[in-house]
Amino acid sequence: MSLEKLSSNKHYEGTLAKYKFRSVALGDTYTQFNLFLPANAAQGKVPVLVYLAGLTCTEDNGAQKGGFMRDAAAQGIALLFPDTSPRGAGIDGEDVDWDFGSGAGFYLNATNPKWSKHYNMLNHVTQELPQVLETAGLPLDFTRQSIFGHSMGGHGALTVYLASLLSGMKQYRSASAFSPICEPSEVPWGTKAFSGYLAGGVAEGKERYDATAMIGKVKGAVNILVDYGTADNFLYQLHPDKFLEAARVAGHDEVQVRVRKQEGYDHSYYFISTFASDHIHFHANFLKA
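Residues numbered from 1 in each chain as written. Predicted model: local features only at pLDDT ≥ 70, side-chain atom pairs only at ≥ 80, totals over all residues. Heavy atoms only, no water.

A.B. asks: Explain the overall build of the chain to me, and be specific about the residues and the numbers.
C.D. replies: Of regular secondary structure, the chain possesses 10 helices and nine strands. For the chain, the C-alpha radius of gyration of 17 Å lies close to 19 Å, the compact-globule estimate for 289 residues. Each principal axis of the C-alpha atoms in the chain carries an extent, and together these give about 45 × 45 × 35 Å. Across the chain, every contact between residues at least 6 apart in sequence was considered, and the portion connecting residues at least 24 apart equals 71%. A total accessible area of about 11,400 Å² is found for the chain, and carbon and sulfur atoms account for 49% of it. Once the 25 positive and 29 negative side-chain charges of the chain are each reduced to a mean point, those two points are 5 Å apart. (Helix = DSSP H or I, 4+ residues; strand = E, 2+ residues; numbered from the N terminus. Rg over C-alpha atoms; globule rule 2.2 N^0.38 Å. Contact = heavy atoms within 4.5 Å. Areas by Shrake-Rupley, 256 points an atom, 1.4 Å probe, with all protein chains shown as cover. Lys, Arg positive; Asp, Glu negative; His and termini not counted. Charge placed at Lys NZ, Arg CZ, Asp CG, Glu CD.)

Structure follows, in structure tokens:
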């Protein structure tokens, strides 16, 4: 799993680099990711903020259009941008639909035998990437780690974070999301993914990968920020109100779970980049504590 550096650019006095390696978690396929290291990484290990992108995206969307780097550089936080699925797995049907298969890994571990060798984005993000980066000797402190994302990636960020809390691992200090799919077991994008990737279908998905179902099971404190736009054409796929309701019923107050409705904003990176600074500073509160 040795890393191959494909490119490197100086950015806000730090470095944005693209890497490639052969992923065991993704069925021995090659995968790519982007990593931003702030200038202070030259003096020692820095905290890590993982960004999970949405449907049809790659490791480049957040890195190129998110507008995260200026504030991350100022706060001394590294940004890690994985891809959204395996690439070139050769599975029949993986390139047919834009919302399933390539570019749509949903940040789960597939249990349907057709997909289970390659579609293990959960393991890739939470286990494999940290191990590969630590083995490569990059100056990253994975004991100070948080996670955020957009749309499908927002779903991924929330569920990865909540699963970490529920397991007792507490791998991530905080989670945030732009326009996340908050209740995937009740919307078309989610039910399609769960029905295809999981042997147990939607029922398995609701139990393991539905943020609205999971937040009610977390008894301790949480650190979550969600933003969505009122002009989002995909709002019917997101259900942020259901997530907020479940959080409040579970006893998580405004300090622990903030869900902000942003008037007139849509689902695009124009929306994301507008509130990017808020999210970096939100995570900095916990990563630098």
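That shown, we press on.
A.B. asks: Which residues make up the side chain of Asp71, and what values go with them?
C.D. replies: Along the chain, the position of Asp71 falls in helix H2 (residues 69-75). Here Asp71 is buried and forms no salt bridge, its nearest opposite-charge partner Arg70 lying at an N-O distance of 4.0 Å. A polar contact is formed between the side chain of Asp71 and the side chain of His281, at a distance of 3.1 Å. Residues contacting Asp71, with those up to four places away along its chain left out, are Ser277, Ile280 and His281. (Buried < 20%, exposed > 50% of the residue type's maximum accessible area, 1.4 Å probe, protein only. Salt bridge = Lys/Arg side-chain N within 4 Å of Asp/Glu carboxyl O. Polar contact = N/O pair within 3.5 Å; in protein donor to acceptor, adjacent residues only side chain to side chain.)

A.B. asks: I'd love a proper account of the packing of aromatic side chains, names of residues and values included.
C.D. replies: According to the stated counting rule, one finds 21 aromatic pairs in the structure shown. A centroid spacing of 5.0 Å and a plane angle of 40° characterise the contact between Trp189 and Phe234, whose relative ring orientation is tilted. Placement of the pair is Trp189 in helix H5 (residues 188-197) and Phe234 in the loop between strand S8 (224-229) and helix H8 (240-249), with a sequence separation of 45 residues. Taken together, a centroid distance of 6.5 Å and an interplanar angle of 35° make the contact between Phe194 and Tyr209 tilted. Here Tyr209 lies in helix H6 (residues 201-209) and Phe194 lies in helix H5, a separation of 15 residues in the sequence. (Phe/Tyr/Trp six-rings, centres within 6.5 Å; stacked < 30°, edge-to-face > 60°.)

A.B. asks: Explain the environment of Ser23 to me, using residue names and the numbers behind them.
C.D. replies: Tracing the sequence through the fold places Ser23 in strand S2 (residues 14-23). For the pair Ser23 and Val132, spaced 109 residues apart in sequence, the C-alpha to C-alpha distance is 9.5 Å.

A.B. asks: Before we move on, can you summarise H5 with the specific residues and values?
C.D. replies: Taken as a whole, H5 has its buried residues at Trp189, Gly190, Ala193, Phe194, Gly196 and Tyr197. If you follow the buried residues of H5, they end up packed against H6.

A.B. asks: Account for helix H10 (residues 276-287), naming residues and giving values.
C.D. replies: Taking 1.5 Å of rise per residue, 12 residues should cover 16 Å, and H10 covers 16 Å from first to last C-alpha, within 8% of that figure. Along H10, the residues classified as buried are Ala276, His279, Ile280, Phe282, His283, Ala284 and Leu287. (Expected span 1.5 Å × (residues − 1).)

A.B. asks: So what about the environment of Leu166? Which residues, and what values?
C.D. replies: You can see Leu166 is positioned in helix H4 (residues 152-167). In this structure the C-alpha to C-alpha distance between Leu166 and Met152, which are 14 residues apart in sequence, comes to 21 Å. Those residues in contact with Leu166, other than ones at most four positions away along the chain, are Met214, Lys217 and Val218.

A.B. asks: Please give an account of the state of the cysteines that cites residues and values.
C.D. replies: By definition, a disulfide links the sulfur atoms of two cysteines through a covalent bond. For the structure on display, the rule yields zero disulfides. No disulfide involves Cys57; its nearest neighbouring cysteine sulfur is the one of Cys182, lying 17 Å away. For Cys57, a relative accessible area of 8% corresponds to the buried category. (Disulfide = S-S within 2.5 Å.)

A.B. asks: Outline the pairing of strand S6 (residues 140-150), listing residues and values.
C.D. replies: In summary, the side chains of a regular strand alternate between the two faces of the sheet. Counting buried residues in S6 gives nine out of 11 residues, a clear majority hidden from the surface. Here strand S4 (residues 46-52) runs beside S6; their pairing, made up of seven bridges, is parallel. Bridging across to S6, Val50 finds its partner in Ile147. The pairing of S6 with strand S7 (residues 175-178) spans four bridges and is parallel. (Pairing = 2+ DSSP bridges.)

A.B. asks: Summarise the pairing of strand S5 (residues 78-82); cite the residues concerned and give the values.
C.D. replies: Within S5, five of the five residues are buried, which leaves the element mostly enclosed by the surrounding structure. Covered by surrounding structure in S5 are Ala78, Leu80 and Pro82 together with Leu79 and Phe81, the residues of both alternating faces. As judged from the four bridges shared by strand S3 (residues 29-37) and S5, these two strands associate in the antiparallel manner. From the neighbouring strand, Phe36 faces S5, where its bridge partner is Leu79. In terms of strand pairing, S4 meets S5 through three bridges, oriented parallel. Residue Val50 lies in a different strand from S5, and its bridge partner there is Leu80.

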